[in-house]
Structures are given as structure tokens and as C-alpha cells.
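Reading the structure
These are the residues of each chain, in order.
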Amino acid sequence: MGQLLYIQASPRGDRSYSVSAAHAFIDAYRSAHPDDMVTTLDVFERDLPPFDGFMLQAKYTVLHGASPTGEERAAWDQVTAIVDEFKAADRYLIATGMWNFSIPYRLKQYLDIIVQPGLTFTYSAERGYQGMVTGKPLALICARGGEYPPGTPGAALDFQRPYLETVLRFIGFEGIRTVVIEPTLMGGQEAAERARSSALARAAELGAEI
Ligand SMILES: Cc1cc2nc3c(=O)[nH]c(=O)nc-3n(C[C@H](O)[C@H](O)[C@H](O)COP(=O)(O)O)c2cc1C
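Described in the following lines is the structure provided in the data block. Bear in mind the structure is a predicted one, so any value in this text is a computation, not a measurement.

**Some details on the overall build of the chain**
Across its full length, the chain carries 6 helices and 7 strands. Going from the N terminus to the C terminus, the chain shows its helices and strands as β-α-β-α-α-β-α-β-β-β-α-β-α. A globule of 210 residues ought to have a C-alpha radius of gyration of about 17 Å, and the chain, at 18 Å, matches this closely. Its C-alpha atoms give the chain principal-axis dimensions of roughly 55 × 45 × 35 Å. Going through the 210 residues of the chain one by one, you find that 34% of them count as buried. By sequence separation, contacts in the chain at least 24 residues apart represent 74% of the contacts at least 6 residues apart.

Below, the structure written as C-alpha cells:
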């Protein structure tokens, strides 16, 4: 039995475009993998620890090649538990809106917790940075109010999709499949519904084949 980890990063419930596409993905996924477990991690509901204080110091300790002790160790154990939960999945789905050209702060907080030396990436002078979460498929659903098509001036303002794809590649993911839903606001209701229905169709295709 495999596990799909669905990371939900919109707090808008039924009004969310990214969540509705994620549901289309998951419905198709469940049909294709009836024995798999689907776990939802809602970053707005989950009690994520602030990434500061001893936790931050522990990261530097590890980056300097040492092992955290005392209060740093306790903080690092919290990080390790969250990373272990992340790495336990076999497949991943992340669904998010664009907030201020980038991602919602709760998703950033989650990424700041899980992107860690020795846990999700390594560094050596000989080999540089290497991701540790390898060989697992990941799909991304990115909703945004405006439009940022590649090859247009608007694309330069898109710090959502390129950022997520970059940080996820950094920790080892390859062949990331991304569904974009745009414009959900700025083109009016009809354009938003057209964007939603083509995104739902694409998300369902991906859910069946991932
Ligand atoms: C705090 C906040 C900031 C936003 N900033 C942007 C933005 O910079 N660019 C944009 O195109 N849309 C922006 N939007 C609109 C959302 O991207 C859009 O509503 C999208 O559908 C949200 O995803 P969701 O429907 O899954 O919640 C913003 C929305 C919020 C709540």
C-alpha cells in the first residue's frame, strides 16, 4: 500500500480553485490506486512550530557539520519528526494559491521546516548540493488571480511556480508536473470558470497517471 501526501495551502475551503483541482486529482488517484492511503496536510490547520530560536541554531549547527545538543537537539527532533512524516509518502500533491506573487506564508513556513541539511539535502565540496527526496513523483497545482504566461512580461512576476519548482528540485524531486489555474480573479467569472474546468480535467489526468 502506497501513500499520497496532499499538502493543502489554501485556507479558502470550497471557494478555493487549487483545492477543487486537488480534489479532482485525488478522486482520479483513488480510482487508480484503490489500496493507497491519501493523507491531507493542511498547512493552515496544522500546528507548525515557528522556525526560529533553537531550531534555527540547530540548522546552523548541522550545516557546520556538528550534531545539535541540549535545547537545540530537542528543537531539531521536532524538525526531524515533521521531515520523517513528509518523507514517509510515496507520492506528493501540493495545491496552493499565489499570494503577493509568491506562496502563502504557511506553506513557506512548512518548507522552511522541511528543507534541511542531512534530512532532505546534503552538501559536499566534491558533489555540491544533492537532494535526498528522490525517485518520488510530485504534482503541483498553482492558482492565481491574474495571468503570468511564460514568454510574456507577466512571467517575470511569477515567484510562485518557479520558486516551488526550484525548492522542490533542490530537495530531490524530478519531473514535477504542474497544473496552473489562471486567471481566477482578474479575467472575470467566465474566464475563471473556464480556467477551473480545464485545470480540473488536467488534474484528473495527472491523478490517474502519477
Ligand atoms: C493575500 C493574497 C494575496 C494575493 N496576491 C496575488 C498576487 O500577487 N497575484 C495574483 O495573481 N493573485 C493574487 N491573489 C489572488 C489569488 O492568487 C487567487 O484568489 C487564487 O485563486 C487563490 O488560490 P485559491 O483559490 O486556491 O485559494 C492573492 C490572494 C490573497 C488572499
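Picking up after the structure, the text goes on.
**Side note on helix 5 (residues 161-170)**
For helix 5, the full list of buried residues reads Arg161, Leu164 and Leu168. Along the axis of helix 5, the buried positions cluster into a sector of 70 degrees, meaning they face one direction only. Trailing helix 5 by a residue or two, Gly172 shows a phi angle of about 125 degrees, which is positive.

**Focus on the packing of helix 1 (residues 17-32) against helix 6 (residues 188-209)**
With their axes 7 Å apart at the nearest point, helix 1 and helix 6 run at an angle of 30 degrees to one another. With respect to helix 6, the element helix 1 is oriented roughly parallel. Relative to helix 6, the crossing made by helix 1 is right-handed. When helix 1 is examined against helix 6, the residues Tyr17, Ser20, Ala21, Ala24, Phe25, Ile26, Asp27, Ala28, Tyr29, Ser31 and Ala32 are found in contact with a partner set consisting of Arg196, Ala199, Leu200, Ala203, Ala204, Leu206, Gly207 and Ala208. Here the residues of the contact of helix 1 with helix 6 sort into 14 nonpolar, 3 polar and 2 charged.

**What to know about the site of the ligand**
The immediate surroundings of the ligand are formed by 17 residues, with Ser10, Ser18, Gly97, Gly145 and Gly146 found nearest. The element that contributes the greatest number of residues to the shell around the ligand is helix 1, accounting for 3 residues. When grouped by side-chain class, the residues that make up the shell around the ligand number 7 nonpolar, 8 polar and 2 charged.

Cut-offs applied
- Residues numbered from 1 in each chain as written.
- Predicted model: local features only at pLDDT ≥ 70, side-chain atom pairs only at ≥ 80, totals over all residues.
- Helix = DSSP H or I, 4+ residues; strand = E, 2+ residues; numbered from the N terminus.
- Rg over C-alpha atoms; globule rule 2.2 N^0.38 Å.
- Buried ≥ 20, exposed ≤ 12 C-beta atoms within 10 Å, placed from the backbone.
- Contact = placed C-beta atoms within 7 Å.
- Arc of directions from axis to C-beta.
- Axes fitted to C-alpha atoms, helices over the stretch in contact; angles between N-to-C directions.
- Parallel < 35°, antiparallel > 145°, perpendicular 65-115°, else oblique.
- Left-handed = near helix turned anticlockwise from the far one by under 90°.
- Nonpolar A, V, L, I, M, F, W, Y, C, P; charged D, E, K, R; others polar.
- Near = placed C-beta within 6 Å.

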